[in-house]
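If you want the building blocks of each chain, they are given just below.
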Amino acid sequence: MEKKLSKSNFIACEWHFDKATENHHGYEGVMESLSIAAREKEKSGESEQAEILNLLSNATSMYLSAEDINKPFKPLWKRSNLPFLTPDSFTQDALVFFEEILPVVDNMWLKARLADLLWLCKKKGNHAKIAVNAYISHSIDSGNWHIGVSDCFHRAIILCKKINYKDGSKEIKNKLYTSFQKDSPMCRSLAQLLLLNELDIKSNCRVNIVNRLITLGQKLSESGDYLGSIDYFDLAEKEQKNEDESEWLNCLLFIADSNKHQGDLRSSDSQSVAKYFYEETLKYYLKIPNKYREELGVQKKIITIRDKIEISGKNALAQMVELELPPVDISDSVKKSREHVSGKESLRIALLYFSTVCILPSLKDVKEVEQKSIENPSIIDDIHSIIIAQDGRCVASVPGINFDGVDAVLNHRIQKNFQINICFAVKGHILPALSKLRDEYSVTLPVLKSLCECSVLVPKGRENLTAYALWLGFGGDFGNAIHLLCPQFENMIRVELKRVGAQTRPITNNGIEHEIGLSNLMELPECKEVFGEDLVFEIKSIFTDALGSNLRNDVAHGFLDDSSSSSIQSVYAWWMILKMIIHHRPENPGNGSLAK
């Protein structure tokens, strides 16, 4: 009985791929062609041929990441609800089939892929040679270079080095260098491959390549194409660093000044984009060693560009578009929250109820929701994003999900979810309940001091400061309250961690001891033991995470003004600390008891 996966069945498929260059999309196009052919075979009842075409479609579905030497094949799209194919996903029968059909495969994209998969799985040199020859069989022209041919040549260079395939390496050098000498938009990309260490070209050729890169970069700059010129000079700079210090410094200055010009151009239509180029300018100025900065006039330029970064950052906020969501009816929550604290027999009992007026979803539940949403991500998740503070500073960045940023995107989503929950908690529960509490009771300083004295969370000798900060919040002065509470709360955390033996005071080699800050305290393993996973996440999100509120940093560095210090996050932080003071129970209470 004939095998399903056989050379004869493959030949019977009569699959051909002859799309015109303008409609070609590299391996993605090959995969699509095989997939369409498989569906047509399935419709006509030729299931064995459909199975073969689907298998080959899967083989070409991985995109080629040539710079990753050990794992060059990756999923075309990183989607957690789809199976991720890797070379290890193919069965032994599939590999035997690939080897059997390799001589009769006439499409060079498919031939290179099958041979490379066989090389990765079996490590036979002849497979690598077949892959190299197939990869470099493509013509080098502007029509196909950027649809995957550049990656094919890059991968071929890596394989030649791996198996010491000198003839293949020589042919690659000749093809690339011949194309590089022509005027074309591919010159920068061709030079990048020629300068790879694996290709090992002669030093005089490297010098010629770098000089041509500089000449082409200068021409682009003169025509006003600063971005294009930066690309050329950036590659030349990397080569000149260890060869010619004077030329290296000139390259750094040219790149920095080009970024500044580009920033000036974009400042009229997008201050945030201008800020990015100014930051790039600063980065290259700072690469210039201190001993040359005065001579080259760089020190003054650094001062000027820092001012531009600050101004463009502030202006970028004004250019941002505010997105308004449909209003949410929270009247029921407001009513229930007010009833929750109303009519209690004493202020102490009312405070206890106030501290339980809302409960946020657990970290586990939020994570499950966001993990499911990442399975079908939006285009926003694919884009690298930055977080800008109210003064225009970039305080955090999140890589796109397709750039190995799945964990970062998930954390960002969780933080956004938490911030929405905080907003609802404050507006729908905490503030309405606080208003009702003040209507029915007089929250006095002595009562709050007594509360702090009874709490195991408030260290001895800190009762007055803490009580006063809480009292300010009950009076609506959350700005001053949070400035007093932040440092005291950090000390509370430190004391509780020390109680269970955590090391919060590292000693340097010189014998100097210093207390670590809240961010590092929250990373200590004892934190979850003392406070639990959910509360640890809340504290980090409110006080130390740049993707969250980061109140500790903003308070410590004086970033909060009269308005921002009384934000929703400040209100929630005040209420959360009050709740912890009332409810916190250590494993081994030493000097206090739960407030009653």
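Per chain, the residues get numbers from 1 upward, laid out in the order the sequence is written. Where local features are concerned, this predicted model is filtered to residues with pLDDT of at least 70; where side-chain atom pairs are given and counted, the filter is 80 or more; whole-chain, interface and lining totals use all residues. The basis for the side-chain values is all heavy atoms of the structure; hydrogens and waters are excluded.

Caption draft 1: Region of the structure containing the overall build of the protein chain. Numbering of helices and strands runs from the N terminus, with a helix taken as a DSSP run of H or I at least four residues long and a strand as a DSSP run of E at least two residues long. Regarding its fold elements, the protein chain presents 27 helices and four strands. Taken over C-alpha atoms, the radius of gyration comes to 32 Å for the protein chain, far larger than the 25 Å a tight globule of 596 residues would show. Overall, the C-alpha framework of the protein chain stretches about 90 × 75 × 55 Å when taken along its three principal axes. Working definition: with a 1.4 Å probe on protein chains only, accessible area under 20% of the residue-type maximum means buried, over 50% means exposed, and in between means partly exposed. Taken across its 596 residues, the protein chain has 48% of its residues classed as buried. When contacts within the protein chain are restricted to residue pairs at least 6 apart in sequence, long-range pairs at least 24 apart make up 66% of them. Computed with a 1.4 Å probe, the accessible areas rest on the Shrake-Rupley method; for each residue, only the protein chains presented here act as cover. Here the protein chain has roughly 30,500 Å² of accessible surface; of this, 50% comes from carbon and sulfur atoms. Charge-centre separation for the protein chain: the mean point of 71 positive side chains lies 3 Å from the mean point of 80 negative side chains. All radius of gyration figures rest on C-alpha atoms, and the globule criterion is 2.2 Å times the number of residues raised to 0.38. Here, residues are in contact when the closest pair of their heavy atoms is within 4.5 Å. Counted as positive: Lys and Arg. Counted as negative: Asp and Glu. His and the chain ends are not counted at all. All charge positions are set by atom: Lys at NZ, Arg at CZ, Asp at CG, Glu at CD.

Caption draft 2: Expanded view of the packing of aromatic side chains. Each Phe, Tyr or Trp ring (for Trp, its six-membered ring) is paired with any other whose centre lies within 6.5 Å, and the angle between the two planes then decides the class: stacked below 30 degrees, edge-to-face above 60, tilted in between. Going through the model one piece at a time under the given rule, you end up with 17 aromatic pairs. On the numbers, 5.6 Å between centres and 65° between planes, the contact of Phe90 with Phe98 is edge-to-face. Residue classification places Phe90 among the buried residues on the basis of a relative accessible area of 10%. Judged by relative accessible area, which is 0%, Phe98 ranks as buried. Judged by centre distance (6.2 Å) and plane angle (50°), the rings of Phe97 and Phe98 are tilted. With respect to burial, Phe97 and Phe98 carry one shared label: buried. To sit over a ring, a charge needs its Lys NZ or Arg CZ within 6 Å of the ring centre and within 35 degrees of the ring normal. We note Lys123 situated over the ring of Trp119; from NZ or CZ to the ring centre the distance is 4.7 Å. Sitting over the ring of Phe180, Arg212 keeps its end group 5.4 Å from the ring centre.

Caption draft 3: Structural detail: the environment of Ile201. With respect to the helices and strands, Ile201 occurs in the loop between helix H9 (187-194) and helix H10 (203-222). The buried category is assigned to Ile201, whose relative accessible area is 12%. Sequence separation of Ile201 and Lys173 is 28 residues, and the distance between their C-alpha atoms is 7.7 Å.

Caption draft 4: The pattern of salt bridges, seen in detail. Note on definitions: salt bridges are taken to be side-chain nitrogens of Lys or Arg within 4 Å of carboxyl oxygens of Asp or Glu. Applying the stated criterion to the full structure yields 27 salt bridges. Lys41 is paired through a salt bridge with Glu46; the nearest N and O atoms lie 3.8 Å apart. By relative accessible area, which is 15% here, Lys41 ends up buried. In this structure Glu46 comes out as partly exposed when scored by relative accessible area, which is 32%. Across the pair Glu279 and Lys275 runs a salt bridge whose closest N-O atoms are separated by 2.5 Å. With Glu279 and Lys275 both in helix H13 (residues 271-287), this residue pair falls four residues apart, about one helical turn. On the basis of relative accessibility, which here comes to 31%, the residue Glu279 falls in the partly exposed class.

Caption draft 5: A look at the nonpolar core. With 93 residues, the main nonpolar core has Leu56, Phe98, Tyr135 and Leu176 as its most contacted residues. Beyond its immediate chain neighbours, meaning those up to four positions away, Leu56 contacts Phe10, Leu34, Phe97, Phe98, Ile101, Leu110 and Leu114. Only buried residues count toward a nonpolar core, which is a set of Ala, Val, Leu, Ile, Met, Phe, Trp, Tyr and Cys residues joined through side-chain atoms within 4.5 Å. Core analysis: the next-biggest nonpolar cluster, separate from the first, contains 76 residues, Val341, Leu485, Val571 and Ile582 among them.

Caption draft 6: Summary view of the packing of helix H21 (residues 463-474) against helix H22 (residues 478-499). Contact geometry for H21 and H22: axes closest at 8 Å, N-to-C directions at 145°. For the element pair H21 and H22, the recorded crossing hand is left-handed. Contacts from Leu465, Thr466, Tyr468, Ala469, Leu470, Leu472 and Gly473 in H21 reach Phe478, Asn480, Ala481, Leu484, Leu485, Gln488 and Met492 in H22. Note that Gly is not counted as nonpolar here; it falls among the polar residues with everything else outside the nonpolar set of Ala, Val, Leu, Ile, Met, Phe, Trp, Tyr, Cys and Pro and the charged set of Asp, Glu, Lys and Arg. Taken together, the residues of the contact of H21 with H22 sort by class into ten nonpolar, four polar and no charged. For helices, the fitted line uses only the C-alpha atoms of the stretch in contact; every axis is such a line through C-alpha atoms, and the angle between N-to-C directions lies from 0 to 180 degrees. Should the near helix be turned anticlockwise from the far one by less than a right angle, the crossing is left-handed, and should it be turned clockwise, the crossing is right-handed.

Caption draft 7: How the structure looks around helix H3 (residues 47-61). Taking 1.5 Å per residue as the helical rise, H3 with its 15 residues ought to reach 21 Å, and the 20 Å between its terminal C-alpha atoms agrees with that figure. Every buried residue belonging to H3 is among Gln49, Ala50, Ile52, Leu53, Leu55, Leu56, Ser57, Ala59, Thr60 and Ser61, and all of these are buried. Turning to H3, the residues buried within the fold contact helix H1 (7-13), helix H2 (26-43), strand S1 (62-64), helix H4 (92-101) and helix H5 (108-122). In this analysis, the expected span of each helix is defined as 1.5 Å times one less than the number of residues it contains.

Caption draft 8: Spatial organisation of the environment of Gly511. With respect to the element layout, Gly511 can be found in the loop between H22 and helix H23 (518-521). Residue Gly511 is classed as partly exposed on the basis of its relative accessible area of 49%.

Caption draft 9: Fine view of the confidence of the model for the protein chain. Confidence of the predictor in every single residue is expressed as pLDDT, which spans 0 to 100. Per-residue confidence for the protein chain averages 88 on the pLDDT scale, and 92% of its residues sit at or above 70. Averaged over each element, pLDDT in the protein chain is lowest for strand S4 (residues 394-398) (70) and highest for H21 (96). With pLDDT under 50 throughout, residues 588-596 is counted as low confidence; its partners more than four residues away or in other chains account for 18 contacts.

Caption draft 10: Representation of unusual backbone geometry. One non-glycine residue, Glu14, lies in positive phi territory at about 50°. Tracing the backbone through its elements, the reader meets Glu14 in the loop between H1 and H2. Judged by relative accessible area, which is 63%, Glu14 ranks as exposed. We note that Lys123 has phi near 55°; this positive angle belongs to a residue other than glycine. Position of Lys123 among the secondary structure elements: in the loop between H5 and helix H6 (125-135).

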